[in-house]
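In case you want the letters, here they are:
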Amino acid sequence: MKSITKVIITFTSIMIVGLGAMLLMYRRISLSTKAVCSYSDGEIEIYKKIWSNLNENFELGQQQMLECMIIFWFIILAAGYIFIGLVYYFQVRPVREMQNFASEIAKGNLDTALPIHRDNLFGSFTESFDIMREELKASKQRELAAEHAKRELVAELSHDLKTPVATIQATCEVLDMRFQKNRQDLEKQKNELLNGSSDDEAREESLRQIDSELEENGSLLEKIGFISNKSETINSLVQNVFRATLDDMEEISINSVENDSRIIENYFKGLKDYGNIILENHIPECLVYMDKLRMEQVIDNIVGNSYKYAGTDIYVSFEELNNVPSNKDSTDSFIKIRIKDQGPGVPEEELALVVEKYYRGSDVQDKNGYGLGMYLVNWYMEKQGGGMEYYNDEGFVVELLVKKV
């Protein structure tokens with residue numbers, strides 16, 4: 001725009017200078033005679049009349065010439081402006097549009113469309129440039145979608161690996177306790193045989209058998225310890241990957257569809273590795289809106305936390321709630337799932353922070369975790385159209401609301 005302004009200013013200045021030159025030339029044009037002659041009085045009178053007529057005609061012609069010069073000047077001025085405007089519209093403007101377009105594309109703003117003018121300098125290939133922009137935009141969207149799907153898959157796999165890894169660790173602990181007890185029993189038997197008075201072949205055979213079992217027992221304990229250490233390493237790595245992936249994800253997808261409510265009860269029945277889970281009643285048979293994968297993760301997180309931090313029996317009950325007011329001036333129906341342990345609960349001053357991302361209570365520093373379980377529970381339940389409440393009542397209580405169809 002600055003260059004075209006300079007052209008207009010330059011052209012206007014030239015035209016003004018030209019107008020001044022024409023006016024100067026106009027002023028120098030005059031009718032005169034330098035002939036010196038002697039005339040009679042009669043001839044002088046006739047000459048005066050002729051000169052007067054000539055002078056009037058000359059002044060009239062001079063006035064008309066001035067008007068023509070001014071009109072011609074305005075015509076040239078207007079024609080010049082029109083020409084500059086046409087040059088700008090058909091030649092300069094397309095170049096500037098291409099410059100702005102290229103600048104926006106370089107910034108990554110692929111929503112900026114390039115105006116297509118088929119009658120200008122770039123009319124033959126502006127459409128190709130815009131097609132290129134659309135392809136770049138589609139390619140970027142596909143790339144972002146693929147990246148998001150990859151992060152979501154990593155987050156899902158990382159979170160789902162927690163349960164089998166925890167099962168492996170719990171199994172290792174049970175096996176370790178069993179083989180340690182077996183080792184103590186074998187050592188006790190060996191000491192009894194060594195302190196015995198008999199020295200027969202049967203005693204020697206028993207000692208050899210006990211030594212063999214002790215050696216095998218020690219080998220198994222070593223392998224169990226190795227598996228337990230590796231599972232702990234896997235758990236730490238999985239938690240790190242899950243945390244990093246969750247930080248980068250804008251949203252975890254939730255696919256809430258109609259499902260049989262009895263699926264929820266079966267989730268609780270399948271959690272045998274989390275201690276004694278007591279179902280106080282059966283869930284009402286109906287259709288509910290839920291994402292089966294996310295609902296399973298919700299239940300696993302809540303029950304897993306109770307098992308980890310309370311270590312008591314876990315009581316589960318179901319209740320049907322009808323005509324619950326909603327935010328849309330209507331009512332909805334829900335299935336309420338109440339999950340309660342008999343542990344110490346959460347300190348009252350920390351209760352409101354339970355669903356915050358990465359928050360961990362002051363009394364759980366010796367437990368593994370990143371403080372994401374209850375955050376995800378709250379997130380998943382809201383996205384499924386339900387909700388969650390939690391409080392202390394002679395233990396920690398979580399109530400889940402699953403929306404009925």
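Since we're looking at a predicted model, the values are computed, not measured. The residue numbers shown here count from 1 along each chain, following its written sequence. Only residues with pLDDT of at least 70 are given local features in this predicted model, and only at 80 or more are side-chain atom pairs given and counted; all residues enter the totals for whole chains, interfaces and linings. Hydrogens are left out, water is left out, and the side-chain values use all remaining heavy atoms of the structure.

Here a strand is any run of E in DSSP of at least two residues, a helix any run of H or I of at least four, and the numbering for each starts at the N terminus. The helix and strand inventory of the protein chain stands at eight helices and seven strands. The buried share of the protein chain, taken over its 405 residues, is 29%. Within the protein chain, residue pairs in contact and separated by at least 24 positions form 71% of the contacts whose partners lie at least 6 positions apart. Here the protein chain displays about 25,900 Å² of accessible surface, and carbon together with sulfur accounts for 55% of that area. When accessible area is computed with a 1.4 Å probe and restricted to protein chains, residues below 20% of their type maximum are described as buried, those above 50% as exposed, and intermediate ones as partly exposed. Two residues qualify as a contact provided that any one of their heavy atoms is within 4.5 Å of a heavy atom in the partner residue. Values of accessible area rely on a 1.4 Å probe in the Shrake-Rupley scheme; residue burial ignores everything except the protein chains shown.

How far a helix is expected to stretch is found by multiplying one less than its residue total by 1.5 Å. The first and last C-alpha atoms of helix α7 (residues 292–309) sit 26 Å apart over 18 residues, in line with the 26 Å expected at 1.5 Å per residue. Taken as a whole, α7 has its buried residues at R294, M295, Q297, V298, I299, D300, N301, I302, V303, G304 and S306. Pairs of N or O atoms within 3.5 Å make up the polar contacts considered here, provided that, within protein, one atom can donate a hydrogen while the other can accept it, and that residues adjacent in sequence are counted only when both atoms are side-chain atoms. Backbone nitrogen of L293 and a side-chain oxygen of the N-cap are separated by 3.1 Å at the start of α7; the cap is D291.

Patches in this entry comprise residues that are over 30% relatively accessible and not in a salt bridge; like charges within 9 Å are linked, as are nonpolar side chains (Val, Leu, Ile, Met, Phe, Trp, Tyr) within 5 Å. By definition here, a salt bridge exists when the distance from a side-chain nitrogen of Lys or Arg to a carboxyl oxygen of Asp or Glu is within 4 Å. Side chains of I168, F226 and I227 sit close together on the surface and give an oily, nonpolar patch of about 280 Å² of accessible area. Checked against the element boundaries, I168 lands in helix α4 (residues 162–194). Take I168: its relative accessible area is 40%, and that puts it in the partly exposed class.

Before going further, it helps to spend a moment on the environment of G225. With respect to the element layout, G225 can be found in helix α5 (residues 201–248). Note on G225: relative accessible area 25%, which makes it partly exposed. The spatial distance from the C-alpha of G225 to the C-alpha of E173 is 8.9 Å, given a sequence separation of 52 residues.

Let us now look at the sheet that holds strand β4 (residues 314–325). Strand pairing in a sheet is mediated by backbone hydrogen bonds. Such pairs are either parallel or antiparallel. The strand order β2-β4-β5-β7-β6 describes an open sheet built from five strands, whose pairing is mixed. Two strands bound the open sheet, and with one partner strand each, they are β2 (277–279) and β6 (387–392). The sheet shows a mean angle of 25 degrees between the axes of neighbouring strands, direction not considered. At least two DSSP bridges between two strands are required for those strands to pair. Alignment of β4 against strand β5 (residues 331–340), held across nine bridges, turns out to be antiparallel. Here the axes come from fitting lines to C-alpha atoms, over the contacting stretch only for helices, and the angles between their N-to-C directions go from 0 to 180 degrees.

Attention shifts here to the nonpolar core. I264, F268, M295, I337 and L400 are the most contacted members of the largest nonpolar core, which totals 35 residues. Of all elements in the fold, only α6 (262–269), β3 (287–290), α7, β4, β5, α8 (373–383), β6 and β7 (396–403) reach the threshold of two or more residues within this core. With near-sequence residues (within four places) excluded, I337 lies in contact with I264, F268, M295, V316, S317, F318, V398, E399, L400 and V402. What we call a nonpolar core is a set of buried Ala, Val, Leu, Ile, Met, Phe, Trp, Tyr and Cys residues that are connected through their side-chain atoms within 4.5 Å.

For the rest of this paragraph, the subject is unusual backbone geometry. Phi angles above zero are rare outside glycine, and N323 is one such case at about 55 degrees. In this structure, N323 sits in strand β4. In this structure N323 comes out as exposed when scored by relative accessible area, which is 58%. The backbone of E394 sits at a positive phi, close to 55 degrees, despite the residue not being glycine. Residue classification places E394 among the exposed positions, given a relative accessible area of 71%.

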